[in-house]
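Inside the fold
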Amino acid sequence: MAPSPAPLPLVLGISGASAQPLAQRALQLLLEAEIPVELITSRGAFLVWQAELGVRVPPDPAAQEAFWRERTGCSSGVLRCHRWNDQAAAIASGSYRTRGMLILPASMGTVGRIATGVALDLIERAADVHLKEGRPLVIAPRELPWNLVHLRNLTRLAEAGARIAPPVPAWYHQPTTIEEMVDFLVIRVFDVLGLELGSLRRWQGPIDASSAAQRPSA
Ligand SMILES: Cc1cc2nc3c(=O)[nH]c(=O)nc-3n(C[C@H](O)[C@H](O)[C@H](O)COP(=O)(O)O)c2cc1C
């Protein structure tokens, strides 16, 4: 019997918006689920890691893989890191097959360049490829407030086939820690890609007062 084909990779683009812990958790869940990851960290994201977390992300792909594996505590799974501007990477071509692409978080700069077809770095080129190939592209923009230019760019991307999934918190799952809120945001974004990773207390409808009193606190 022929061996089953290797699972297609997911392209994960991390751009220079706030909320980098969401990207780290998304990567961890993907690696734990043995979904191969093609990872691009933008030049802007390096600066945000430095500014927000006091951490220097190495630009060299091999050093970066070691960095992400240490951050996620995950030595298993396929992880290919790319230089932010490597336009010759396999994922810069539509002939290289993937299961889709997620940009988490997406900066307004990256959103604007993809929306106008300006592929200056590898995230933008890979996103352009996913749109032209009609493959899933999920964009998780992080900015507040959105100006009219941001809104028009996001609308343009939605019209071109991308799904816009901003990491917006909710409280109906009754989070008690930041980690639970991070998981809610990441898992709901994965929902848009059709990926069931991690565990989440999903909305099952209102609970009546008597069962609420008996509900476990976990
Ligand atoms: C600490 C920090 C936080 C930032 N947060 C955001 C943000 O939430 N959204 C955004 O669009 N830009 C944000 N920026 C600005 C972007 O990083 C900047 O526009 C950068 O050029 C984006 O580059 P990239 O799109 O190549 O990642 C932030 C910058 C810094 C230093």
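The paragraphs below set out a description of the structure included in this document. (Residues numbered from 1 in each chain as written. Predicted model: local features only at pLDDT ≥ 70, side-chain atom pairs only at ≥ 80, totals over all residues. Heavy atoms only, no water.)

1. Quick notes on unusual backbone geometry
Note: most residues except glycine have negative phi, and most peptide bonds are trans. Here the amide bond leading from L104 into P105 is cis, since omega sits at -10 degrees, within 30 degrees of zero. Within the secondary structure, P105 sits in strand β4 (residues 100–106). Residues other than glycine seldom take positive phi values, yet A19 does so here, at roughly 80 degrees. Looking at the element boundaries, A19 is found in the loop between β1 (10–14) and α1 (20–32). Under the relative-accessibility criterion, A19 is labelled buried at 19%. For E34, which is not a glycine, the phi torsion comes out positive at approximately 60 degrees. Position of E34 among the secondary structure elements: in the loop between α1 and β2 (37–41). (Helix = DSSP H or I, 4+ residues; strand = E, 2+ residues; numbered from the N terminus. Buried < 20%, exposed > 50% of the residue type's maximum accessible area, 1.4 Å probe, protein only.)

2. Focus: the pattern of salt bridges
One pass over the structure, following the stated rule, counts 10 salt bridges. As a salt-bridge pair, D183 and R25 come within 2.6 Å of each other at their nearest N and O atoms. Placement of the pair is D183 in helix α7 (residues 178–193) and R25 in helix α1, with a sequence separation of 158 residues. R25 matches D183 in its accessibility class, with the two residues each being buried. One salt bridge connects E124 with R113, and the closest N-O pair in it is separated by 2.5 Å. Here E124 is found in helix α5 (residues 122–133), whereas its partner R113 is found in helix α4 (residues 108–115), with 11 residues between them in sequence. E124 sits in the buried class, given a relative accessible area of 1%. One connected set of salt bridges, linked through shared partners, spans R188, D191 and R202. (Salt bridge = Lys/Arg side-chain N within 4 Å of Asp/Glu carboxyl O.)

3. Here's the deal with the nonpolar core
L30, L39, W68, L102 and F190 are the most contacted members of the largest nonpolar core, which totals 42 residues. Considering every element that reaches this core, the biggest residue donor is α7, with nine residues. Counting 22 residues, the second-largest nonpolar core is a separate cluster that includes M101, L122, I139 and L157. (Core = buried A, V, L, I, M, F, W, Y, C linked by side-chain atoms within 4.5 Å.)

4. Thoughts on the pairing of β1
β1 sits mainly inside the fold: five of its five residues count as buried. Two elements, β1 and β2, share five bridges in a ladder whose sense is parallel. Bridge assignment links L12 to a residue of β2, and that residue is L39. Between the parallel elements β1 and β2, the chain passes through α1 in a crossover that is right-handed. Relative to β4, β1 is paired through four bridges, and the arrangement is parallel. Among the inter-strand pairings, V11 is bridged to a residue of β4, identified as M101. (Pairing = 2+ DSSP bridges. Right-handed = clockwise from strand over helix to strand, strands pointing away.)

5. Section: the side chain of Q20
Looking at the secondary structure, you find Q20 in helix α1. Relative accessible area serves as the criterion here: at 0%, Q20 is assigned to the buried category. Of the polar contacts made by the side chain of Q20, one reaches the backbone oxygen of A17; its length is 2.8 Å. Polar contacts involving the side chain of Q20 include one to the side chain of W49, which spans 2.9 Å. Not counting chain neighbours up to four residues away, the residues in contact with Q20 comprise I14, S15, A45, V48, W49, E52, L53 and P105. (Polar contact = N/O pair within 3.5 Å; in protein donor to acceptor, adjacent residues only side chain to side chain. Contact = heavy atoms within 4.5 Å.)

6. Observations regarding the sheet that holds strand β6 (residues 163–164)
Strand order across the open sheet formed by six strands is β3-β2-β1-β4-β5-β6, with parallel pairing between neighbours. The sheet terminates laterally at β3 (79–82) and β6, the two strands that pair on one side only. Running at roughly 160 degrees to β1, α1 makes contact with β1, β2, β3 and β4 of the sheet. (Axes fitted to C-alpha atoms, helices over the stretch in contact; angles between N-to-C directions.)

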